[in-house]
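# Structure at a glance
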Amino acid sequence: MISLDPLAMSEGDNYRFLTGTIIPRPIAIITSISNEGTVNIAPFSYFTIVSASPPMIAISVQRKNGKMKDTSQNILDSREFVVHITDESNIEDANQTAAELPPNVSELGVSNFELAESETVRVPGITNAKVRLECTLAKAIPLGGQVADDASCDLIIGNVTRYHIEESIYNDGRIDIEGLRAVSRLAGNHYMKMGEQFVLERPK
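Below or above, wherever it landed, is the structure these notes cover. All figures in this text were calculated on a predicted structure; none of them were measured in a lab.

Further remarks concern the overall build of the chain. Looking only at helices and strands, one finds four helices and 14 strands in the chain. Against the compact-globule benchmark of 17 Å for 204 residues, the chain has a radius of gyration of 18 Å, which places it among compact chains. If you line up the chain on its principal axes, its C-alpha atoms span 50 × 50 × 35 Å. Looking at the chain as a whole, 38% of its 204 residues qualify as buried. Considering only residue pairs separated by 6 or more positions, the chain has 62% of its internal contacts joining residues 24 or more positions apart.

Let us look at the pattern of salt bridges. Using the criterion set out here, one finds five salt bridges in the structure. Among the ionic pairs, Arg63 bridges to Asp154, the shortest N-O distance being 2.8 Å. With a gap of 91 residues between them, Arg63 in the loop between β5 (55–62) and α2 (70–78) and Asp154 in strand β10 (residues 153–165) connect regions that are remote in the sequence. A relative accessible area of 19% means that Arg63 is categorised as buried. Judged by its relative accessible area of 3%, Asp154 is buried.

Sheet architecture is open: three strands sit in the order β1-β13-β14, paired in antiparallel fashion. The sheet is open, and its two edges are formed by β1 (25–26) and β14 (191–192), each paired on a single side. Taken together, the two bridges between β1 and strand β13 (residues 184–185) define a ladder with antiparallel strand orientation. The residue bridging Arg25 from the neighbouring strand is Arg185, located in β13.

Attention now goes to the nonpolar core. In terms of nonpolar packing, the biggest core is built from 21 residues, with Ile30, Ile57, Ile59, Phe81 and Val83 touching the most fellow members. Counting residues per element, this core draws most heavily on strand β9 (residues 131–143), at four residues. Excluding its chain neighbours within four sequence positions, the residues that come into contact with Val83 are Ala28, Ile29, Ile30, Phe47, Ile57, Ile59, Val131, Arg132, Leu133 and Cys135.

We now examine the environment of Arg132. With respect to the helices and strands, Arg132 occurs in strand β9. For Arg132, a relative accessible area of 13% corresponds to the buried category. Along the chain, Arg132 and Phe81 lie 51 residues apart, while their C-alpha atoms are 11 Å from each other.

Turning our eyes to something else, we now look at unusual backbone geometry. For the bond from Ile23 to Pro24, the omega torsion is -10 degrees, close enough to zero to count as cis. Within the secondary structure, Pro24 is located in the loop between α1 (11–21) and β1. Geometrically, the link from Ser53 to Pro54 is a cis peptide bond, its omega value of 0 degrees lying close to zero. Unlike most non-glycine residues, Arg79 shows phi in positive territory, near 65 degrees. Here Arg79 lies in the loop between α2 and β6 (80–85). Even without glycine at this site, Arg181 takes up a positive phi of about 50 degrees. Structurally, Arg181 is set in the loop between α4 (177–180) and β13.

Before going further, it helps to spend a moment on α2. An α-helical turn contains 3.6 residues, so any two residues separated by three or four positions project in the same direction. Looking at α2, one finds that the buried residues are Thr71, Ser72, Asn74, Ile75 and Ser78. Down the axis of α2, the smallest arc covering the buried residues is 165 degrees, so these residues share one side. Taken together, the buried residues of α2 touch β2 (28–33), β3 (39–44), β5, β6, β9 and β10. Residue Arg79 follows α2 closely and has a positive phi angle near 65 degrees.

Thresholds, definitions, all that
Residues numbered from 1 in each chain as written. Predicted model: local features only at pLDDT ≥ 70, side-chain atom pairs only at ≥ 80, totals over all residues. Heavy atoms only, no water. Helix = DSSP H or I, 4+ residues; strand = E, 2+ residues; numbered from the N terminus. Rg over C-alpha atoms; globule rule 2.2 N^0.38 Å. Buried < 20%, exposed > 50% of the residue type's maximum accessible area, 1.4 Å probe, protein only. Contact = heavy atoms within 4.5 Å. Salt bridge = Lys/Arg side-chain N within 4 Å of Asp/Glu carboxyl O. Pairing = 2+ DSSP bridges. Core = buried A, V, L, I, M, F, W, Y, C linked by side-chain atoms within 4.5 Å. Arc of directions from axis to C-beta.

Below, the structure is given as structure tokens:
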């Protein structure tokens, strides 16, 4: 086997190695709102579950040249956000929202997303998703960097305060994964639809 020292590799090389091996990754489309009222929409594939009791999720938002992205800043300021699951019906629009726009310009203008009023937070969701999770900020942790106070990302941990699920994919408390048709991120410009499934019984 090849043995590599991550500390001897560039940030780009580490990124390519990690995103090419830790796959597939679910994609969160996150809405947040600035202090001036601009709705920001952005996709993130560093996204996972933290806890079911209480329900909590986590997103890691990478900084650019040490500067927080709009999503992180908005969440720190408002302490609220909405997470949407990316699926085959919204992946094209999700990709469009990855464009780098000024903080005062909403990604609504570069996508077909439409806003939906939330029930427990001030941040609106989007209608173009089969699942959305209203969240409040539990903790934001700056991480990474080579020296103290030089974070390279912000780990956002959220408490889920409301689920919204399309009726057609919800049955007896379970999500129909075939109906959801979630899309995941691979490496570079590569994504993946749901593929072959198999069942393994967990040991008792």
